[in-house]
Amino acid sequence: MCRWWMVMVKSLDGKWGIKHVVRGELGGSPMFSTPWKTEEEIAKDLSQPHVCSVELATTKGTIKLRVVPSWAPKGAQRFLQLVSDKYYTDLPIYRAVPDFLIQFGVTTDDRYGRYEAMEDDELKGIPFLEGMVCFAASSQNSRLAAICVFLTDLPQLGKRSWETPFARVSEESFPVLRSIYTGYGEMPQCGGSGPDPIQLQDRGNPYIKEKFPQCDYVESAEWVQ
C-alpha cells in the first residue's frame, strides 16, 4: 500500500495550497500501541446520544455518516465546521482505489485558505474498518480538509498520531460507498495513472471533467439535526 504526504504551504495572502506530494515513509514518525476497540464497542459508540449524522450527496447516491466526537474531538469538530460552512460542495472524488479508499476535499478555489491545519487527536484505539472516515494527513498536526473513507479493513493503520477516525459510514450506505467509481486507480504520486491532486488544485474541476470524466463527486454535505 502506498503511503503519501500532502505537503501544504501557506502563501503570503494567507491561502493554503498543495506544495507537493511525497511518497514513502516519514522517518521518525511517532507510533503508538493502543488496545483496539472491539466491533461491539464500536457499535455501542455509534449509538450514543452525542453522535451526529451527516449526509453526503454523491453522484451515486446518499452516503450517511455517523460522527463520533469522542473518537477524535478535534477532527469531528473540524469536519462538522466544514459541513456547516458548505465546504464539501461540488468536489470530485479524485482518489478512488479499489479495496483501499476514496478521497475528496481538494479544490482550486479559496476554500483551503479559510482554515488552519489542526493538532492531532489522542489515539483512542479506533480500528480502521470498512467505512471508517478520517482526515487525509500523514504527518503530525497536518489535518486540514481532505477526507478519506475506507473501503476495507486496514489493521496496519491507526498507530500514528494523525490516524484517527472520527466517523463511520452507516451500514445502510455501504452499497452506495462500494459503487463509487474506482476505475482510474491510484494517483501518480503512488505509481498510478489516476487524477493528480496538484493538477486538481491548479486547474480545478475542469481538469477532472476533461481527463477523468467518470470520476464521481461529492455534491453537498448536510448535518442532519
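Residues numbered from 1 in each chain as written. Predicted model: local features only at pLDDT ≥ 70, side-chain atom pairs only at ≥ 80, totals over all residues. Heavy atoms only, no water.

Take the overall build of the protein next. Scanning the protein from terminus to terminus reveals five helices and eleven strands. Expressed as a percentage of the 225 residues in the protein, the buried residues total 53%. Contacts in the protein between residues at least 24 apart in sequence constitute 67% of all its contacts with a sequence separation of at least 6. In the structure as shown, the protein presents an accessible area of about 10,200 Å², 50% of it carried by carbon and sulfur atoms. (Helix = DSSP H or I, 4+ residues; strand = E, 2+ residues; numbered from the N terminus. Buried < 20%, exposed > 50% of the residue type's maximum accessible area, 1.4 Å probe, protein only. Contact = heavy atoms within 4.5 Å. Areas by Shrake-Rupley, 256 points an atom, 1.4 Å probe, with all protein chains shown as cover.)

This brings us to the packing of aromatic side chains. In this structure the tally under the stated criterion is eleven aromatic pairs. Aromatic side chains Tyr88 and Phe104 sit 5.7 Å apart centroid to centroid with 80 degrees between the ring planes, which places their arrangement in the edge-to-face category. Taken as a pair, Tyr88 in the loop between α2 (73-84) and β5 (91-92) and Phe104 in strand β7 (residues 101-104) lie far apart in primary sequence, 16 residues in all. What makes Tyr88 buried here is its relative accessible area of 1%. Here the aromatic residues Phe79, Tyr87, Tyr88, Phe104, Tyr115, Phe135 and Phe166 are joined through ring pairs into a cluster of three or more. The ring of Tyr87 carries the charged tip of Arg111 above its face, separated from the ring centre by 5.6 Å. (Phe/Tyr/Trp six-rings, centres within 6.5 Å; stacked < 30°, edge-to-face > 60°. Lys NZ or Arg CZ within 6 Å of the ring centre and 35° of its normal.)

Attention now goes to the sheet that holds strand β11 (residues 217-224). The pairing of strands in a sheet comes from backbone hydrogen bonds and takes either a parallel or an antiparallel form. Spatially, nine strands are ordered β5-β11-β3-β4-β10-β8-β9-β7-β6 in an open sheet, and the strand pairing comes out antiparallel. Edge positions in the open sheet fall to β5 and β6 (95-97), since each of these has one partner strand only. Of the strand pairs in this sheet, strand β4 (residues 61-67) and strand β10 (residues 167-169) are connected by three bridges, and their pairing is antiparallel. If you follow Val67 over to β10, its bridge partner there is Ala167. (Pairing = 2+ DSSP bridges.)

With that out of the way, let us pick up the state of the cysteines. What we call a disulfide is simply a covalent bond connecting the sulfur atoms of a pair of cysteines. On inspection of all chains with the given rule, the structure shows zero disulfides. Considering cysteine sulfurs only, Cys148 is the nearest to Cys134, which forms no disulfide, with 4.9 Å between them. (Disulfide = S-S within 2.5 Å.)

A word on the pairing of strand β8 (residues 132-135). Side chains Met132 and Cys134 of β8 all project onto a buried face; the interleaved residues Val133 and Phe135 project onto the opposite face, where all are buried too. Bridge count for β8 against β10 is two bridges, and the pairing is antiparallel. From the neighbouring strand, Val133 faces β10, where its bridge partner is Ala167.

The next thing to look at is the side chain of Thr164. Among the structural elements, Thr164 can be located in the loop between β9 (147-150) and β10. Side-chain polar atoms of Thr164 contact the side chain of Arg143, separated by 3.3 Å. When residues no more than four places from it in sequence are discounted, the contact partners of Thr164 are Ala72, Asp121, Glu122, Leu123, Phe128, Cys134 and Arg143. (Polar contact = N/O pair within 3.5 Å; in protein donor to acceptor, adjacent residues only side chain to side chain.)

This part takes up α2. Here α2 spans 16 Å end to end across twelve residues, near enough to the 16 Å set by a 1.5 Å rise per residue. Of all the residues in α2, the buried ones are Gly75, Ala76, Arg78, Phe79, Leu80, Leu82 and Val83. Those residues of α2 hidden inside the fold are in contact with β3 (52-58), β4, β8, β9 and β11. Within two residues after α2, Lys86 carries a phi angle of roughly 65 degrees, on the positive side. (Expected span 1.5 Å × (residues − 1).)

Another point: the pattern of salt bridges. Under the counting rule described, the total for this entry stands at eleven salt bridges. The closest approach of N and O atoms between Asp45 and Lys37, which form a salt bridge, is 2.6 Å. On the basis of relative accessible area, Asp45 is assigned to the buried category, the value being 12%. Among the residues examined, Lys37 registers a relative accessible area of 26% and is labelled partly exposed. Measuring nitrogen to oxygen at the nearest pair gives 2.7 Å for the salt bridge that ties Arg95 to Glu186. In this pair, Arg95 is assigned in strand β6 and Glu186 in the loop between α3 (174-179) and α4 (197-203), connecting sequence segments 91 residues apart. As far as the burial class goes, Arg95 and Glu186 line up, both buried. Shared partners join several salt bridges into a network, and the residues in it are Arg203, Glu210 and Lys211. (Salt bridge = Lys/Arg side-chain N within 4 Å of Asp/Glu carboxyl O.)

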